[in-house]
Every structure is written in structure tokens, then in C-alpha cells.
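Listed below are the residues making up each chain.
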Amino acid sequence: PPQMADEGLRWKVRAGVSGDYAEYVRLFEMVGAPGPVKTLPEFQDLAVSTMHVAEVAGEVGPGGGPRLAGYILWDYLDEGAVAAIRNVVVDSAFRRQGLGSALMSAVVSRLPSSTLSWRLYVESSNTPAIKLYERWGLRAKDRMRLLSVSETVLSKAPVEDLQDSVVEVPSNDVRIEIERAFGLATGRLSRDDAQVWALRKEDGSWSGCAAYNPTLKTFRTRGGLPAATKLLLGSRKAWPEDEKTAVHVFLEEDDMLTTALLDIGAEVVLSCILMTGDVPRDK
């Protein structure tokens, strides 16, 4: 889409370019966005396809390129049917100017007609952002918590007579089968860089799964039982050398397991809300 100039404001929204990298890093670090900062090659792939930025008119950033007031990053799930907003970042000097809404509008203008819905995570305490997303038709669906789970915590998990076996799942076809079994969006497990383990029952069905994301250095689990989680996370070969004593675990739509792990000593690192909605083509 064409660049959008904002009358009376100091910024305009446009598609990202590779030259925006230094400003992306500055803003990412300024607001403490979740996850690691992307490398330049990773950023270059995103900038031309799934990123919009707000360029400040006539100002140069520390890296020598145009100064940015903010940016928005997204990617796709369910074979493009769902847009997943990954970061909405606004420089503190440019807040309360409608920039967040302008960035959301830019995404809508960029999404193909085959993308029917969008989703994002927002910190539970970020009331202004939640209100912004509600104005764009997004509604709270589920809670997600990021827990720190140590070896000591795992050792306290009850030992139950689970007959299920832990298997590593390298095949994307099988990962997609597991995604369907647990109602996960396509792409959650079938990532090239993810390591996936699952619990298989004697009848061949799946009772739990854990996926390790080496970029975010976190696990996502599904299963419901602390004992199942203990089996899945107990594969010490899966843990990076610098995380032998504790790992971060995303728990989504699983209050029972969250409560059980907190009861035996897991710690909350981050509490978020998953917000979802139809893409508002009429805005």
C-alpha cells in the first residue's frame, strides 16, 4: 500500500526496509519487548514482508538512518488464515498521538483477503494497550503465563503411573497431527527450528506435547498433568547447557497445570492475555 502521511503529526507510517534495523534494535531495547532481538538477516526477511514503521519527519536516528517513532511486526499461522501480531512498539516520546492505531491500520491494509482473523498477546497489566486492541475488535480469549521451572520444581512433581512413552517428533507431518490433536494453530509446532517431544499412549494417540523454541529459549507444553510435564521436560538432552537448572515454560489455556506447578514452586515471569478477533476490513 502507499505510504500514509499523517497531517499535523511528525511521523508517517510506511513499510519497513532493511535500513531500519538500527532503529528497530533501539526501540526494542528501549521498551524491553519480549523475546530476543532479531539478527540483521532475520530482520531483513521481515522488513520487506511483515513490518510497518512510523518514520519521524526530518530526523536521523543514532544509526544514521531515519528516526522511527514505532513499529509493528507480524507473521502468519494456519497457512495464512491468521495474522499473529508479534510486537507493537511505540517510542515513549510519541505516545498518545494515535500512532498505535495507525500501525494497526497499516497491518489491516497489508493483510491478504485470505487472512480472516488476527491475534496477539498483551501483558495483563497494560491497560492502555488492551483498550487500543479492543477498539480494533480484539477480545480477550485466554490467559497465558510464562513460568520459570527449575530442576527442584520438577523433582517435586508427583510421580504417577503413566504408561505413556516420550518420543521425539522430527517430522512436520506428525507435528501437524499433534497440533490438531491439541487444537493448536497450524505452525505452532511445525517450525523448522523447533524441537518437539510428545507423550504417546499405547493406542497411538497423544496425551501431551512440549516444543522447545531455541530462539526464545522457552518451552510450550500441553498435557494437563504435572507428571506428564515432568516426563516431557525431563529430557535433559533437550535443555541448552546454560539452562540446566531452570527453563521458561509457556502455559496457555491450562489453568490446572499452571496452578499445580505454582503450588510446587514454579515462579511467574510474565502474565499475558491472548486477544483475538476478525480482521476489521471496514476500518
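Residues numbered from 1 in each chain as written. Predicted model: local features only at pLDDT ≥ 70, side-chain atom pairs only at ≥ 80, totals over all residues. Heavy atoms only, no water.

1. Quick notes on the environment of Gln195
For the record, the criterion: For the purposes of this entry, the term helix denotes a DSSP run of H or I that reaches at least four residues, the term strand denotes a run of E that reaches at least two, and both are numbered from the N terminus. Categorising residues by exposure relies on relative accessible area from a 1.4 Å probe, with only protein chains included: less than 20% of the type maximum marks a residue as buried, more than 50% marks it as exposed, and the intermediate range marks it as partly exposed.
On the secondary structure map, Gln195 appears in strand 9 (residues 195-200). The exposure class assigned to Gln195 is partly exposed, which follows from its relative accessible area of 29%. Taking the C-alpha atoms as reference points, Gln195 and Tyr212, 17 residues apart in sequence, are found 5.1 Å from one another.

2. Here we look at helix 1 (residues 21-31)
Three or more residues of helix 1 are buried, namely Glu23, Tyr24, Val25, Arg26, Leu27 and Phe28. Backbone geometry just downstream of helix 1 places Gly32 in the positive-phi region, at approximately 65°.

3. Considering the nonpolar core
Put simply, the test is: Take the buried residues of types Ala, Val, Leu, Ile, Met, Phe, Trp, Tyr and Cys, join any two whose side-chain atoms come within 4.5 Å, and each joined set is a nonpolar core.
By size, the foremost hydrophobic cluster in this structure holds 31 residues, and its most contacted members are Leu99, Trp118 and Tyr133. Among the elements of the structure, strand 2 (11-15), strand 3 (51-60), strand 4 (66-77), strand 5 (82-90), helix 3 (99-110), strand 6 (117-123), helix 4 (127-135) and strand 13 (267-278) are those that each provide at least two residues to this core. Sort the elements by how many residues they give to this core and helix 3 lands first, with seven residues. Counting residues in each nonpolar core, the second largest holds 16 residues, with Phe219, Val247, Leu257 and Leu261 among its members.

4. A word on the packing of aromatic side chains
For clarity, the cut-off: Side-chain rings of Phe, Tyr and Trp (the six-membered ring for Trp) are treated as a pair once their centres are within 6.5 Å; stacked means planes under 30 degrees apart, edge-to-face means over 60, and tilted covers the remaining angles.
Enumeration over the complete set of coordinates arrives at six aromatic pairs. Both rings, one in Tyr21 and one in Tyr24, keep their centres 6.0 Å apart while their planes meet at 40°; by these two values the pair is tilted. Of this pair, Tyr21 and Tyr24 both sit in helix 1, three residues apart, which is roughly one turn of the helix. Tyr21 sits in the partly exposed class, given a relative accessible area of 21%. Overall, Tyr24 belongs to the buried group, its relative accessible area being 0%. For the pair Trp118 and Trp136, a centre-to-centre distance of 6.2 Å together with 80° between the ring planes defines the contact as edge-to-face. You can see Trp118 sitting in strand 6 and its partner Trp136 sitting in the loop between helix 4 and strand 7 (139-150), a full 18 residues away along the chain. Considered together, Trp118 and Trp136 belong to a single accessibility category, that of buried residues.

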